[in-house]
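Observations on chain architecture
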Amino acid sequence: MHIILGATGHVGSSLAQALLARNEPVTVVTRDASKAEPLKTKGAHVAQVDVFDTPALHRVIARGHRLFVLNPPAPPSTDTVAEERRSLYAIVDALEGCKLEKIVCESAYGAQPGNGIGDLGVLYDMEQALQAGKAPVSPLRAAYYMSNWDASLDTARNEGKLHSMYPPDFTLPMVAPHDLGEFAARLMLGAAEASGPHYVEGPERYSPADVARAFADALGRPVEVAVTPPEQWEQAYRSLGFSEAAARSYAAMTRITLDNKEEPEKPERGATSLRDYITALVKKSAG
């Protein structure tokens, strides 16, 4: 049995569908069972469990042989680093005594030790904590999710603007969540041995200018990049409802991404291009 944490998100649901398509037994773990109905209709077992309920989570994981760990993102109105570390160690505690063949965990490009740097420090801690256990671990370090641009659709359509904290010509690795799910399925079905970290990005690297052009072509209207300068980053996050602590850490994470571009030697390549992803997003919104 494959146990999937974070199964109703972009990556987790893609992974679950990929495994179900191969007739693999899957249990999806979610706080809200109603969100897992589409997966249930495809044959998944659904376990409604809060990750902070350590005994209940332990009982679910103990029934499985392979586990996919995606630490749930904390609400931006909280101190996200503190909350995500709390959920991480609740998951780690739930693994105590579980005899798993393999763990695949969702991490990110740029994961590194540190506090107050958004997900980057938390995900590094996750890799380290899981690798300290008895089960073989394969970290999957994902590039910048193409789905992060989903929230830009309305301003692109209505205002002809794509708001970005990155310069228009700054290229960075991006990946479609579907491709992450497919690669995660390969890891889940692979040998029961430690491997990685595995870096996964799309067929090529893209810039905010490329994103704007993709929206322009899909929407049939001009779209320009509106850059938020670094001195306004924290205020921009606060205006979106982020707490003071979250705004600071996300701004720090943005700075790290700009200043320390990671260049893995042999990244895995997903098949979905940015243009195809944005085109599908626009079509879905119109349908």
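Scope of this entry: the structure provided in the associated data block. (Residues numbered from 1 in each chain as written. Predicted model: local features only at pLDDT ≥ 70, side-chain atom pairs only at ≥ 80, totals over all residues. Heavy atoms only, no water.)

**Some words on the overall build of the protein**
Within the protein, the regular secondary structure consists of eleven helices and twelve strands. The C-alpha atoms of the protein give 19 Å as radius of gyration, which agrees with the globular expectation for 287 residues (19 Å, within 12%). Considering only C-alpha atoms, the protein reaches an extent of 55 × 40 × 40 Å along its principal axes. Burial statistics for the protein: of 287 residues in total, 51% are counted as buried. (Helix = DSSP H or I, 4+ residues; strand = E, 2+ residues; numbered from the N terminus. Rg over C-alpha atoms; globule rule 2.2 N^0.38 Å. Buried < 20%, exposed > 50% of the residue type's maximum accessible area, 1.4 Å probe, protein only.)

**Some details on unusual backbone geometry**
Leave glycine aside and you will find that most residues have negative phi; peptide bonds, for their part, are mostly trans. Along the chain, Gly196 connects to Pro197 via a cis peptide bond; the corresponding omega equals 15°. Here Pro197 is to be found in the loop between helix H7 (177-189) and strand S10 (198-201). Of note, Asn23 is a non-glycine position whose phi angle comes to about 60°, a positive value. Relative to the assigned elements, Asn23 resides in the loop between helix H1 (10-21) and strand S2 (26-30).

**Considering the side chain of Thr80**
By secondary structure assignment, the location of Thr80 is in helix H4 (residues 80-94). We classify Thr80 as buried; its relative accessible area is 1%. In this structure, Thr80 is in contact with Ala74, Pro75, Ala246, Ser249 and Tyr250, ignoring residues within four places of it in sequence. (Contact = heavy atoms within 4.5 Å.)

**Points about the packing of aromatic side chains**
Per the counting criterion, the structure on display carries seven aromatic pairs. Between Tyr237 and Phe242, the ring centres sit 5.0 Å apart and the planes meet at 50°, which makes this aromatic pair tilted. One exposure class covers both Tyr237 and Phe242, and it is buried. (Phe/Tyr/Trp six-rings, centres within 6.5 Å; stacked < 30°, edge-to-face > 60°.)

**Description of the sheet that holds strand S6 (residues 137-142)**
Sheet architecture is open: eight strands sit in the order S3-S2-S1-S4-S5-S6-S10-S12, paired in parallel fashion. Lying at the two open borders of the sheet, with one neighbouring strand each, are strand S3 (45-48) and strand S12 (268-269). Relative to S10, S6 runs parallel, the two sharing three bridges. Paired with Arg141 across the strands is Tyr199, a residue of S10. Relative to strand S1 (residues 2-5), H1 is tilted by about 165°, and along the sheet it contacts S1, S2, strand S4 (66-69) and strand S5 (102-108). (Pairing = 2+ DSSP bridges. Axes fitted to C-alpha atoms, helices over the stretch in contact; angles between N-to-C directions.)

**Examining the state of the cysteines**
The final tally for this structure, using the stated rule, is zero disulfides. Cys98 carries a free sulfur, and the closest cysteine sulfur to it, the one in Cys105, is 16 Å from it. (Disulfide = S-S within 2.5 Å.)

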